[in-house]
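Each chain is listed here by its residues.
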Amino acid sequence: MCYECSAHALEVNRSAVLLVDASPNSARQIPETLFGIFFEEINHAGAGGLWAELVSNRGFEAGGTNTPSNIDPWSIIGNETFVSVATERTSCFSRNIVALRMEVHCDNSGSIVCPARGVGVYNPGFWGMNIEEGKSYKVVLHVKSTGSVNLTVSLTNSNGFDLASSNVIASAADVSNWTKVELELDSTGTDVNSTFQLRTTNQGVIWFDQLSVMPLDTYKGHGFRKGLFSMLADLKPRFIRFPGGCFVEGDWLRNAFRWKATVGPWEERPGHFGDVWMYWTDDGLGYFEFLQLAEDLGAAPVWVVNNGISHNDQVDTTDALPFVQEILDSIEFARGSSKSTWGSVRAAMGHPDPFDLKYMAIGNEDCGKKNYLGNYLKFYQGIKDAYPDIKLISNCDGSSRPLNHPADLYDFHVYTSANNLFSMNTQFDRTARAGPKAFVSEYAVTGSDAGTGSLLASLAEAAFLMGLEKNSDVVEMASYAPLFVNVNDRRWNPDAIVFNSWQQYGTPSYWMQQFFKESSGATLNPTTIQANFSGWLVASAVTWQSSEDNNSYLKIKIVNFGSDTVNLKISVSGLQQSVNSVGSSQTVLTSSNVMDENSFDHPNKVVPAQSALSNAGTDMDVVLSLIHSPPSTSRLLNRN
């Protein structure tokens, strides 16, 4: 048996005793699914983030279907004397009909001579493309022309130098109809602000549509940016809730996430405008990719579906059945035979075996809306009749009073101050033990306590999660929100993981979750705190077996949310094995001020520090300085 803990020696002002009962008779199993992650397409989390596609607005659909339209962020190379562009409804793809027409007025000789490097169009990606030396990129474009084509396709750095390029040369006959061109470009340099360019010195008209630049080194080739994927995997999430959030609802139903528009070949996906978070997504990260992401993480997919309700309009319950059928089709896509109608679409996308879809949420934050209960019951009955094993999640909170409708789980969301969330570590103490289980699918400290990700916020969140561990007989799942933020489009504060085109770091709230990644499926051991002061301390203890070394570990986590240092004595009873101090460790999450944050310049300012625990045993003295009022030192303690 080994310990994991954390401690720090400071002047002692108060004393307390933590009693841990490690006897098997007092223990209780924690659900296998307790801690996971929640992905919402917010803050460019997917488009320009986890989804590694480098081209923004790759099909020119973001400006709408009426042409001419805005092609942002595309721009021309050269001036209007040399080149002009406009969108037209001339694409070969029926679901995304808009294409770009480029007319080149100059030539390599004659009265108007093109600049030496040519003219054309370029795309800067999502606030700069990170092109790296020695890496390869798959480029796809669809072209059509009235004449022959001599086109330079390049990845170009911010100084105008091509890091990788290739020439596309075709006769008029070869490109008189839409033609797909595929290239592999190998970069000879690095620039985080590179652009994708299409240039020519030949007069004529060329149409472009559905252009893509995808790094070849994504996770397993599945399209996920490796650095961001790795940060998710390091949390060992037992589930992933997707794709929202408000993103699922839309401000209006016409802009809601519709899964059928996000599957099949990427070129044929129409994309849509997410009118809640106010940006366009090409939906390269679609329903299939979310299911693949869950599988790659070894996490259970939790599919949040639109139930005919947005922020501003609702489908009447009498008209809800077509929406129910759309979701039944989504289940067939995930779980059906490769010979079934929608299962065959999945198989054609490269996944003949079914995905393990067992959780679905009916709506998001829709409880209390006029048609929610009626629509919910239509969805519940339709899904249960066809797939009785799927666990269905209601939007209505059942923590304080029973639900008035059937459900396997209910959603619980909380965004509040640090003090309030800390006090909510007892939120589920009085919840009825019978009935549906809670899914705390969104929690975070927000407001001035949080900044853009403070240590103070992470401490309150840790205390709250310890309360969920203790009440895991009525709480089955929990996830922080939001997960990602691209610093160029920060729609919500704070977030767990911050990134730009080439960097990423975890906020203290991300690192706090590392303390809980072994809790799912572990054994909960009762803890008692004896102190002569008010409840500043929260603690929990779990026993788990490592898959890496097969050792059993007793993990003790402690938060001190008060303003005084505490001398804590830990006493463990009921251990079935002796303590091995050689394998024991302590982990500390701390900084000089509770409002400290991480940043690109200082990504490791607030991160866990692990060291050996030489005094590991059934009786230990620990000095806690997890302090609430800044400026001060603050700590989350973790003993293994």
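Bear in mind that the values here come from a model prediction, so they are computed numbers and not experimental data.

Undergrad: In this structure, what is going on with the overall build of the chain? I would like to understand it.
TA: Secondary structure summary: the chain contains 9 helices and 36 strands in total. For the chain, whose C-alpha radius of gyration is 27 Å, the value lies close to the compact-globule estimate of 26 Å for 640 residues. Principal axes of the C-alpha set define a box for the chain whose edges measure 90 × 55 × 40 Å. Within the span of the chain, comprising 640 residues, buried residues form 60% of the whole.

Undergrad: What should I look at first to understand the state of the cysteines in this one?
TA: Put plainly, two cysteines are in a disulfide when a covalent bond ties their sulfur atoms together. Evaluation of the coordinates by the stated rule reveals 2 disulfides. In this model C106 forms its disulfide with C114; the gap between the sulfur atoms is 2.0 Å. Around the S-S axis, the bridge from C106 to C114 shows a dihedral of about 95° and counts as right-handed. Residues C106 and C114 agree in their burial class; the two are buried. C367 shares a disulfide with C396; S-S distance 2.0 Å. On the sign convention where negative is left-handed, the bridge of C367 and C396, at about 100° about the S-S bond, is right-handed. Taken together, the residues span a long stretch of sequence, with C367 in the loop between strand 20 (359-362) and helix 6 (372-386) and C396 in the loop between strand 21 (391-394) and strand 22 (409-416) at a distance of 29 residues. On the basis of relative accessible area, C367 is assigned to the partly exposed category, the value being 39%. In this structure C246 is a free cysteine whose sulfur lies 15 Å from that of C367, the closest cysteine sulfur available.

Undergrad: Any chance you could explain the side chain of S509 here in plain terms?
TA: The topology assignment puts S509 in helix 9 (residues 508-514). Taking relative accessible area as the criterion, S509 reaches 1% and is therefore assigned buried. Leave out the neighbours within four places in its chain, and S509 touches A457, S458, E461 and Y480.

Undergrad: Can you walk me through the packing of helix 4 (residues 321-335) against helix 6 in this structure?
TA: In contact at an axis separation of 10 Å, helix 4 and helix 6 are set at 35° when each is read in the N-to-C sense. Relative to helix 6, helix 4 is oriented so that their crossing is right-handed. The segment helix 4 lies against helix 6, with L321, F323, V324, I327, L328 and I331 engaging K378, F379, G382, I383 and A386. Of the residues contributing to the contact of helix 4 with helix 6, the split by class is 9 nonpolar, 1 polar and 1 charged.

Undergrad: Would you explain the environment of N420 in this entry?
TA: Its place among the elements puts N420 in helix 7 (residues 418-423). For the pair formed by N420 and V445, sequence separation is 25 residues and the distance between their alpha carbons is 8.7 Å.

Undergrad: I'm lost on the environment of A460 in this one. Help?
TA: Topologically, A460 is positioned in helix 8 (residues 455-470). On the basis of relative accessibility, which here comes to 0%, the residue A460 falls in the buried class. Considered as a pair, A460 and D449 are 11 residues apart in the sequence and their alpha carbons are 9.9 Å apart.

Undergrad: Explanation requested: empty space enclosed by the protein in the structure shown.
TA: Taking a probe equal in size to a water molecule and rolling it over the atoms shows the remaining empty space. Scanning the entire structure with this criterion turns up 4 cavities of 30 Å³ or more. Counted as a void, the largest cavity has a volume near 140 Å³. Lining the largest cavity are 16 residues, and of these A47, W51, D283, G284 and L285 lie nearest its centre. Tallied by class, residues from the lining of the largest cavity come to 7 nonpolar, 4 polar and 5 charged. Counted as a void, the second largest cavity has a volume near 100 Å³. Lining the second largest cavity are 13 residues, with F35, G36, L235, Q513 and F516 sitting closest to its centre. Top element by residues in the lining of the second largest cavity is strand 24 (residues 475-480). It accounts for 3 residues. The residue inventory of the lining of the second largest cavity, partitioned by class, reads 9 nonpolar, 3 polar and 1 charged.

Undergrad: Mind showing me how you'd approach the sheet that holds strand 13 (residues 179-186) here?
TA: Backbone hydrogen bonds are what pair the strands of a sheet, in a parallel or an antiparallel way. One open sheet accounts for 5 strands, arranged 6-7-15-10-13; its pairing is antiparallel. The open sheet has two edge strands with one neighbour each: strand 6 (83-88) and strand 13. Within this sheet the neighbouring strands show an average axis-to-axis angle of 30°, counted without direction.

Undergrad: Explain unusual backbone geometry to me, please; I cannot follow it from the model alone.
TA: Outside of glycine, negative phi angles account for most residues, and trans bonds account for most peptide bonds. Residue P243 is reached from F242 by a cis peptide bond, and omega for that bond is -5°. Mapped onto the fold, P243 is located in the loop between strand 16 (239-242) and helix 2 (246-249). Notably, M278 is not glycine yet its phi reads approximately 65°, a positive angle. Checked against the element boundaries, M278 lands in the loop between strand 17 (272-274) and strand 18 (279-281). A positive phi is found at E365, a non-glycine position, where the angle reads about 55°. With respect to the secondary-structure elements, E365 resides in the loop between strand 20 and helix 6. When its relative accessible area of 39% is taken as the criterion, E365 is described as partly exposed.

Undergrad: Can you walk me through helix 4 in this structure?
TA: Note that an α-helix has 3.6 residues per turn; residues three or four places apart therefore point the same way. Here helix 4 contains 15 residues, and its C-alpha end-to-end distance of 21 Å stays within 8% of the 21 Å for a straight helix at 1.5 Å per residue. Restricting attention to buried positions, one finds in helix 4 the residues F323, V324, E326, I327, L328, D329, S330, I331, F333 and A334. Contacts made by the buried residues of helix 4 are with helix 3 (287-297), strand 19 (300-305), helix 5 (341-348), strand 20 and helix 6.

Undergrad: In this structure, what is going on with the packing of aromatic side chains? I would like to understand it.
TA: For any pair of aromatic rings, geometry is given as the distance between the ring centres together with the angle between the planes. A complete count under the given rule lists 34 aromatic pairs for this structure. Ring geometry for Y219 and F229: centres 3.8 Å apart, planes at 20°, overall stacked. Residue Y219 is located in the loop between strand 15 (204-215) and helix 1 (226-233), and its partner F229 is located in helix 1; the two are separated by 10 residues in the primary sequence. Of the residues examined, Y219 reaches a relative accessible area of 24% and is grouped as partly exposed. Where W544 meets Y553, the ring centres are 5.1 Å apart and the plane angle is 20°; that geometry is what we call stacked.

So, how was this worked out
- Residues numbered from 1 in each chain as written.
- Predicted model: local features only at pLDDT ≥ 70, side-chain atom pairs only at ≥ 80, totals over all residues.
- Heavy atoms only, no water.
- Helix = DSSP H or I, 4+ residues; strand = E, 2+ residues; numbered from the N terminus.
- Rg over C-alpha atoms; globule rule 2.2 N^0.38 Å.
- Buried < 20%, exposed > 50% of the residue type's maximum accessible area, 1.4 Å probe, protein only.
- Disulfide = S-S within 2.5 Å.
- Contact = heavy atoms within 4.5 Å.
- Axes fitted to C-alpha atoms, helices over the stretch in contact; angles between N-to-C directions.
- Left-handed = near helix turned anticlockwise from the far one by under 90°.
- Nonpolar A, V, L, I, M, F, W, Y, C, P; charged D, E, K, R; others polar.
- 1 Å grid on protein atoms, 1.4 Å probe; cavity = no way out; pocket = protein on both sides within 12 Å on 5 of 7 lines; lining within 4 Å.
- Points joined across faces, edges and corners; volume = space filled by probe spheres on them.
- Pairing = 2+ DSSP bridges.
- Expected span 1.5 Å × (residues − 1).
- Phe/Tyr/Trp six-rings, centres within 6.5 Å; stacked < 30°, edge-to-face > 60°.

That is the geometry; function is a separate question.
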